[in-house]
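# Summary of structural features
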Amino acid sequence: MNTIKGCIFDLDGVIVDTAKYHYLAWKKLAQELEINFSIADNERLKGISRIESLEILLSHGNISFDHNTKLKLAEKKNTLYVDYISKINKSEVLPGIETFIKSLKEQNLKIALGSSSKNANLILKKIDMLEFFDSVIDGNKISKTKPNPEIFLLCAKEIGLRPENCMVFEDSEAGLIAAKRAGMYAVGIGRPDILKSAHIVINGFHSTSLSKLLQHEN
Ligand code: BG6
Ligand code: MG
């Protein structure tokens, strides 16, 4: 563990409070399709791609559509989502994350973003955090989404590190499984009863430091 040389961050629900907007957009679409969809159901949609999320929502509602209709529905959800995030700014950055990333940079760690979202660059610009990252891998750059480890392996490659030297921060089970499959140390952000695949779970970054996380492991 003392060999951690880089940290890879998920975006939605780890850096910025956008997970709630994904939920609200899916909820609106679900209402239009007359599907019951709760915040607990939404947990399964975290970390995975837009189209896979739609598939889960439709199977939850026992509805099937042809491919073109599915593409249109996914686009509709994205329009709703982009409308929600059009107004976001630094105030929705989660507490402590900027200070934490700055401290990692002072310790010369590499910083990467590993997000399934195709809106990641847009959000990083809106919250003025793009320059923190040595590499940004988003939903446009991968062929398989979490829990496949591809995204995190690509992050490690781009920052020039071996997987075992990377620590991943994730708020989704899919992402934590991906991190572990990549051979990385997986830190869950949220609740231990939900994030069962994490090596450790913290409830936020307000009182976290790399040395505290390393102590946990030792
Ligand atoms: C992930 C979210 O970060 O990105 C998922 O946790 C979302 O909920 C996925 O479906 C894809 O996002 P987007 O912005 O490309 O629809
Ligand atoms: Mg997330």
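A quick note: this is a predicted structure, and the numbers were derived from the prediction, not measured.

Take the pattern of salt bridges next. Pairs can form between side chains of opposite charge whenever their charged atoms are close. Under the definition given, this model contains 11 salt bridges. Linking Lys 102 and Glu 98 is a salt bridge whose minimum nitrogen-to-oxygen distance equals 3.7 Å. Of this pair, Lys 102 and Glu 98 both sit in helix H5 (residues 97–106), separated by four residues, roughly a single helical turn. Residue Glu 98 is classed as buried on the basis of its relative accessible area of 19%. Across the salt bridge formed by Arg 162 and Glu 164, the nearest N and O atoms sit 2.9 Å from each other. We classify Glu 164 as partly exposed; its relative accessible area is 42%. Here the residues in one salt-bridge network are Asp 10, Lys 146 and Glu 170, joined through shared partners.

With that settled, consider the coordination of the magnesium ion (ligand 2). Where a metal carries four tetrahedral donors, each ideal angle is 109.5 degrees; where it carries six octahedral donors, the ideal angles are 90 or 180 degrees. Around the magnesium ion (ligand 2), the donor atoms from the protein are Asp 10 (OD), Asp 12 (O) and Asp 171 (OD), and they sit 2.0 to 2.2 Å away. Counting the intervening residues between successive donors of the magnesium ion (ligand 2) yields the motif D-x1-D-x158-D. Residue Asp 10 is found in the loop between strand S1 (6–9) and helix H1 (19–32), and its partner Asp 171 is found in the loop between strand S4 (166–170) and helix H8 (173–181); the two are separated by 161 residues along the sequence. Neither Asp 10 nor Asp 171 differs from the other in exposure class; each is buried.

Reading the values: the criteria
- Residues numbered from 1 in each chain as written.
- Chains lettered and ligands numbered in written order.
- Predicted model: local features only at pLDDT ≥ 70, side-chain atom pairs only at ≥ 80, totals over all residues.
- Heavy atoms only, no water.
- Salt bridge = Lys/Arg side-chain N within 4 Å of Asp/Glu carboxyl O.
- Helix = DSSP H or I, 4+ residues; strand = E, 2+ residues; numbered from the N terminus.
- Buried < 20%, exposed > 50% of the residue type's maximum accessible area, 1.4 Å probe, protein only.
- Donors = N, O, S within 2.8 Å, 3.2 Å for Na, K, Ca; no water.

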